[in-house]
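Residue strings, one per chain:
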Amino acid sequence: MRYLLLVSHGTFAPGLHSVLDMLLGKRDDILSCSMEDGMGADAFVELVDKTIEPIGPDDTVFVFGDIIGGSPLTNTLNELAGKGLLPKVTAFGGMNLPMVLVAASESDEDDATLIQEIQDEGKAAIRLVELDLDEDDDEEDL
């Protein structure tokens, strides 16, 4: 099985997981945990260990972290390495909803194709929204 593991500071990862549940339905292959305010590294590592319990040696894992180099992502990768799972892990930093939605929706894709799609979608989703603030148009619509 290919697991998606979302990790973050605060409640970002569980919030994103909640959105995926809303859009795709609850799934066993999507896991999440977060380092909440005031939580120490040891407590977070315990949470990671509990969260990754279902992952076995034949599974692959796509890890999505909020910040490259941040404690949640680095501690998670360390725990996966300690369990001998690192060779089956692909890690992404800067997660956003479009990239994890692609990862969750395109589960039949081979890893290399899916990795490229995830990166492309994540980048494409970040753009400036151009607002048309022409007041004359607004008055005509009323």
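Counting from 1, residues in each chain are numbered in the order their sequence is written. Only residues with pLDDT of at least 70 are given local features in this predicted model, and only at 80 or more are side-chain atom pairs given and counted; all residues enter the totals for whole chains, interfaces and linings. By convention in this description, side-chain values take in all heavy atoms of the structure and omit both hydrogens and water.

Thoughts on the overall build of the chain
What counts, and what does not: Where helices and strands are cited, they refer to DSSP runs of H or I of at least four residues and of E of at least two residues respectively, numbered from the N terminus. Residue exposure (1.4 Å probe, protein chains only): buried if accessible area is under 20% of the type maximum, exposed if over 50%, otherwise partly exposed. Any two residues whose heavy atoms approach within 4.5 Å at even a single point are treated as in contact. Under the counting rule used here, the positive set is Lys and Arg, the negative set is Asp and Glu, and His together with the chain ends is not counted. The location of each charge is read from NZ of Lys, CZ of Arg, CG of Asp or CD of Glu.
Counting its regular elements, the chain contains six helices and four strands. Reading the secondary structure of the chain in the N-to-C direction produces β-α-β-α-β-α-β-α-α-α. In terms of principal-axis extent, the alpha carbons of the chain reach across some 65 × 40 × 25 Å. For the chain, the proportion of its 142 residues judged to be buried stands at 38%. Sequence separation of 24 or more characterises 73% of the internal contacts of the chain that already satisfy a separation of 6 or more. Charge centroids of the chain, computed over 8 positive and 31 negative side chains, lie 13 Å from each other.

Section: the packing of aromatic side chains
Quick reminder of the rule: Here the aromatic set is Phe, Tyr and Trp, taking the six-membered ring for Trp, and pairing holds for ring centres within 6.5 Å; pairs whose planes are under 30 degrees apart are stacked, those over 60 apart are edge-to-face, and all others are tilted. Here, a charge over a ring is recorded when the distance from Lys NZ or Arg CZ to the ring centre is within 6 Å and its angle to the ring normal is within 35 degrees.
In total, this model carries two aromatic pairs according to the counting rule given. For the ring pair Phe64 and Phe92, a centre distance of 4.9 Å and an interplane angle of 10 degrees mean the geometry is stacked. On the criterion of sequence distance, the pair formed by Phe64 in strand β3 (residues 60–65) and Phe92 in strand β4 (residues 89–93) is long-range, its members being 28 residues apart. Overall, the relative accessible area of 0% leaves Phe64 in the buried class. With relative accessibility at 7%, the residue Phe92 sits in the buried group. Every member of this aromatic cluster is reached through a ring pair, and the members are Phe62, Phe64 and Phe92. Sitting over the ring of Phe62, Arg2 keeps its end group 5.2 Å from the ring centre.

Notes on a nonpolar patch on the surface
The condition is simple: Patch definition: residues with relative accessible area over 30% and no salt bridge; like charges joined within 9 Å; nonpolar side chains (Val, Leu, Ile, Met, Phe, Trp, Tyr) joined within 5 Å. Every accessible area reported is derived by Shrake-Rupley at a probe size of 1.4 Å, with residue values counting cover from the shown protein chains alone. In the sections that follow, a salt bridge refers to a side-chain nitrogen of Lys or Arg positioned within 4 Å of a carboxyl oxygen of Asp or Glu.
On the surface, a nonpolar cluster with roughly 310 Å² of combined accessible area is contributed by Met22, Leu23 and Leu24. Topologically, Leu23 is positioned in helix α1 (residues 12–24). Residue classification places Leu23 among the partly exposed positions, given a relative accessible area of 49%.

Looking at the side chain of Asp59
Which entries qualify depends on this criterion: A 3.5 Å cut-off defines polar contacts: any pair of N or O atoms within that distance qualifies, except that in protein one atom must be a possible hydrogen donor and the other a possible acceptor, and neighbouring residues in sequence count only when both atoms are side-chain atoms.
Secondary-structure assignment places Asp59 in the loop between α2 (41–51) and β3. One buried charged residue, Asp59, remains without a salt bridge, the closest side chain of opposite sign being Lys88 at 7.6 Å. One polar contact links the side chain of Asp59 to the main-chain amide nitrogen of Gly56, over a distance of 2.6 Å. Apart from residues lying up to four places away in sequence, Asp59 is in contact with Met1, Tyr3, Pro54 and Lys88.

Examining the side chain of Arg2
Checked against the element boundaries, Arg2 lands in strand β1 (residues 2–9). Overall, Arg2 belongs to the buried group, its relative accessible area being 15%. Polar contacts involving the side chain of Arg2 include one to the side chain of Asp111, which spans 2.7 Å. In contact with Arg2, other than residues within four places in its own chain, are Asp29, Thr60, Phe62, Glu106, Ser107, Glu109, Asp110, Asp111 and Leu114.

Notes on α2
What counts, and what does not: Read the arc as the range of directions from the helix axis to the C-beta atoms.
Three or more residues of α2 are buried, namely Phe44, Val45, Val48 and Thr51. With its buried residues spanning 120 degrees around the axis, α2 presents them on a single face. Exposed side chains of α2 directed beyond 90 degrees from the buried face belong to Asp42, Glu46 and Lys50. Looking at the buried positions of α2, the neighbouring elements they touch are β1, β2 (30–35) and α3 (71–82).

Let's talk about the pairing of β1
As a reminder, the rule being used: For two strands to be treated as a pair, DSSP must find no fewer than two bridges joining them. Crossover handedness is defined here as right-handed if the route from the first strand over the helix to the second strand goes clockwise, with the strands pointing away from the viewer.
Within β1, seven of the eight residues are buried, which leaves the element mostly enclosed by the surrounding structure. Alignment of β1 against β3, held across six bridges, turns out to be parallel. Among the inter-strand pairings, Val7 is bridged to a residue of β3, identified as Gly65. Sheet topology note: the β1/β2 ladder contains six bridges and is parallel. Note that in β2 the partner of Val7 across the bridge is Cys33. With α1 bridging β1 and its parallel neighbour β2, the resulting β-α-β unit is right-handed.

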